[in-house]
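Summary of structural features
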Amino acid sequence: MDQRQQTKSYKCKHNEQGVALIYALVVMAVIFALALALLYGVGQVSVMTNSNRVQEDCYVQALTLSEQVGAELTAASNTGGGIYKAAVDYMPSSDSESIEESMQYSADGPTSDYGRAVIRFQNGVDTANEPQNWESMELSNQYLDLTVEVWGDKGGKESVTTRYIFYQQLDNEDMQYTLYTNMFTGDDKVKQYECEYCPAQPGEAEHFKVTDESGMLMAENLECWVQGESEKKTVTMELAEKWAGVQQEVGKHWLTVPDGSGNTTQKETDVMIQLIRKRKILGYEGGGDGTLDEYKGQALKFKRVYTR
């Protein structure tokens, strides 16, 4: 091989080594960049995981505290103290149409790992959509939104809000029952009667007692046919609740009615019955302004609706 060829061969080998070195540097740079990206990604995932864990822990603490507060708020045997008293004192009367400013209570976090916790009250008006002729024994226009917020000691916050219906539990003594029927006359025209609900007693089942406008007893135990049945049955509160104040057309039946001369006669009549329930209007003690603001002695209660 002559000198020219040797020189040319040497230059080729040198060029190939330079290219290989460049390739190696490029590959190392790519690997280094990927390694940095991976480390950065791991770091970000770790930060996000820690942040999510803090948020999740705050949510669990808020939900747990909300459930504990709710249990005290809705306890059947409530003594009238604690969070229940605070909520009742905050709320307007159960049939009020006013809205109060929100109120909150702050405290240290549930554990040393949390900054602080807040319980917030906010009431609102939500008139119940009840049947016009069968008013509820739970008197309420009001609801309470109870929000529990928990802050993490190093940032992060979660909240849980639960809505409760605020109502007064009424008794049958607070309700007026009115009966419209033609069962006692056998005529096409119905008449109005007063009813008294008599709860079950030892040896006596629940029933409605019926009197006319003069106070004459028409039925010690109101009985009626039900659509699709041939025998009369006692009208119980369960059946009355099922009717919910709606007029019942129970078909043609033979009625035994007085004929005006002290005797009775048989009449086949299209029987109609409608039992209506309304709240009595009770005024303030010593006043009597015709409002429903005070039902003395009746329990004030909260009923959970939903949590979000």
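Details of the structure are given in the entry above.
Summary of the structure given here. Keep in mind that this is a model prediction, so the values were computed, not measured. (Residues numbered from 1 in each chain as written. Predicted model: local features only at pLDDT ≥ 70, side-chain atom pairs only at ≥ 80, totals over all residues. Heavy atoms only, no water.)

1. A closer look at the overall build of the protein
Helices and strands together make up the secondary structure of the protein, namely 3 helices and 13 strands. Counting over 308 residues, the protein shows a buried share of 32%. Partitioning the contacts of the protein with sequence separation of at least 6, the portion at a separation of at least 24 is 58%. For the protein, the exposed surface amounts to about 19,200 Å²; the carbon and sulfur share of it is 52%. (Helix = DSSP H or I, 4+ residues; strand = E, 2+ residues; numbered from the N terminus. Buried < 20%, exposed > 50% of the residue type's maximum accessible area, 1.4 Å probe, protein only. Contact = heavy atoms within 4.5 Å. Areas by Shrake-Rupley, 256 points an atom, 1.4 Å probe, with all protein chains shown as cover.)

2. Observations regarding the environment of Asn182
With respect to the helices and strands, Asn182 occurs in the loop between strand 5 (175-181) and strand 6 (191-198). Overall, Asn182 belongs to the buried group, its relative accessible area being 2%. In this structure, the C-alpha to C-alpha distance between Asn182 and Leu255, residues 73 residues apart in sequence, is 9.6 Å. Excluding residues within four positions of it along the chain, Asn182 makes contact with Asp187, Asp188, Lys189, Val190, Leu255, Thr269, Asp270, Val271 and Met272.

3. Considering the pattern of salt bridges
Under the counting rule described, the total for this entry stands at 11 salt bridges. A salt bridge links Glu130 to Arg279; its shortest N-O distance comes to 3.0 Å. In this pair, Glu130 is assigned in the loop between strand 2 (114-125) and strand 3 (138-152) and Arg279 in strand 12 (residues 264-279), connecting sequence segments 149 residues apart. We classify Glu130 as partly exposed; its relative accessible area is 26%. Accessibility expressed as a relative area gives 13% for Arg279, which makes it buried. For Asp145, the salt bridge is made with Arg163, and the minimal N-O distance between the two is 2.8 Å. On the criterion of sequence distance, the pair formed by Asp145 in strand 3 and Arg163 in strand 4 (residues 157-169) is long-range, its members being 18 residues apart. With respect to burial, Asp145 and Arg163 carry one shared label: buried. By sharing partners, the salt bridges in this structure join Glu130, Glu135, Lys278 and Arg279 into a single network. (Salt bridge = Lys/Arg side-chain N within 4 Å of Asp/Glu carboxyl O.)

4. So, the sheet that holds strand 6
Here we have 6 strands laid out as an open sheet, ordered 8-7-6-5-12-11, and antiparallel in their pairing. At either margin of the open sheet sits one strand with a lone partner, and together these are strand 8 (217-219) and strand 11 (248-258). Adjacent strand axes in the sheet meet at a mean angle of 40°, parallel and antiparallel pairs treated alike. Across 5 bridges, the pairing between strand 6 and strand 7 (residues 207-211) is antiparallel. Its bridge partner being in strand 7, Glu196 is matched across the sheet by Lys209. (Pairing = 2+ DSSP bridges. Axes fitted to C-alpha atoms, helices over the stretch in contact; angles between N-to-C directions.)

5. Focus: the pairing of strand 3
Counting buried positions along strand 3 yields 13 of 15 residues, so the element is predominantly enclosed. Note: strand 3 against strand 4, 12 bridges, orientation antiparallel. Following the sheet pairing, Val150 is matched in strand 4 by Glu158.

6. A closer look at unusual backbone geometry
The phi dihedral of Ala244 is positive, around 55°, even though this residue is not glycine. Locating Ala244 in the fold gives a position in the loop between helix 3 (237-243) and strand 11.

7. Notes on the side chain of Asp212
Within the fold, Asp212 resides in the loop between strand 7 and strand 8. Summary of buried charges: Asp212 has no salt-bridge partner, and the nearest side chain of opposite charge, Lys191, is 5.9 Å away. Separated by 2.8 Å, the side chain of Asp212 and the backbone nitrogen of Met216 make a polar contact. With sequence-adjacent residues up to four places away left out, Asp212 is seen in contact with Tyr193 and Met218. (Lys, Arg positive; Asp, Glu negative; His and termini not counted. Polar contact = N/O pair within 3.5 Å; in protein donor to acceptor, adjacent residues only side chain to side chain.)

8. Some thoughts on the nonpolar core
Core analysis: the biggest nonpolar cluster contains 31 residues, and Tyr177, Leu179, Phe208 and Leu222 have the highest contact counts within it. Those elements that place two or more of their residues in this core are strand 5, strand 6, strand 7, helix 3, strand 11 and strand 12. Among the elements that line this core, the one with the most residues is helix 3, at 4 residues. (Core = buried A, V, L, I, M, F, W, Y, C linked by side-chain atoms within 4.5 Å.)

9. Concerning the environment of Gln122
For Gln122, the location among the structural elements is in strand 2. In this structure, the C-alpha to C-alpha distance between Gln122 and Tyr90, residues 32 residues apart in sequence, is 9.0 Å. Filtering out sequence-adjacent residues up to four positions away, Gln122 remains in contact with Tyr90, Ile99, Glu100, Glu101, Ser102, Tyr143, Leu144 and Asp145. At 3.1 Å, the side chain of Gln122 forms a polar contact with the backbone oxygen of Glu100.

10. Description of the packing of aromatic side chains
Tallied over the full model, the rule gives 8 aromatic pairs. Centroid distance Tyr84 to Phe302: 6.1 Å. Interplanar angle 90°. Geometry classified as edge-to-face. Of this pair, Tyr84 sits in helix 2 (residues 82-90) while Phe302 is found in strand 13 (residues 299-307), placing the two residues 218 residues apart along the sequence. Assigned by exposure class, Tyr84 and Phe302 land together as buried. Plain terms: the ring middles of Tyr197 and Phe208 are 5.1 Å apart, the flat faces sit at 55° to each other, and that makes the pair tilted. Highlighted residues: Tyr197 in strand 6 and Phe208 in strand 7, separated in sequence by 11 residues. By relative accessible area, Phe208 is classed as buried at 0%. The structure contains a cluster of three or more aromatic residues connected by ring pairs, namely Trp134, Tyr177, Tyr197 and Phe208. Seen from the ring of Tyr143, Arg163 lies directly overhead, with NZ or CZ sitting 3.7 Å from the centre. (Phe/Tyr/Trp six-rings, centres within 6.5 Å; stacked < 30°, edge-to-face > 60°. Lys NZ or Arg CZ within 6 Å of the ring centre and 35° of its normal.)

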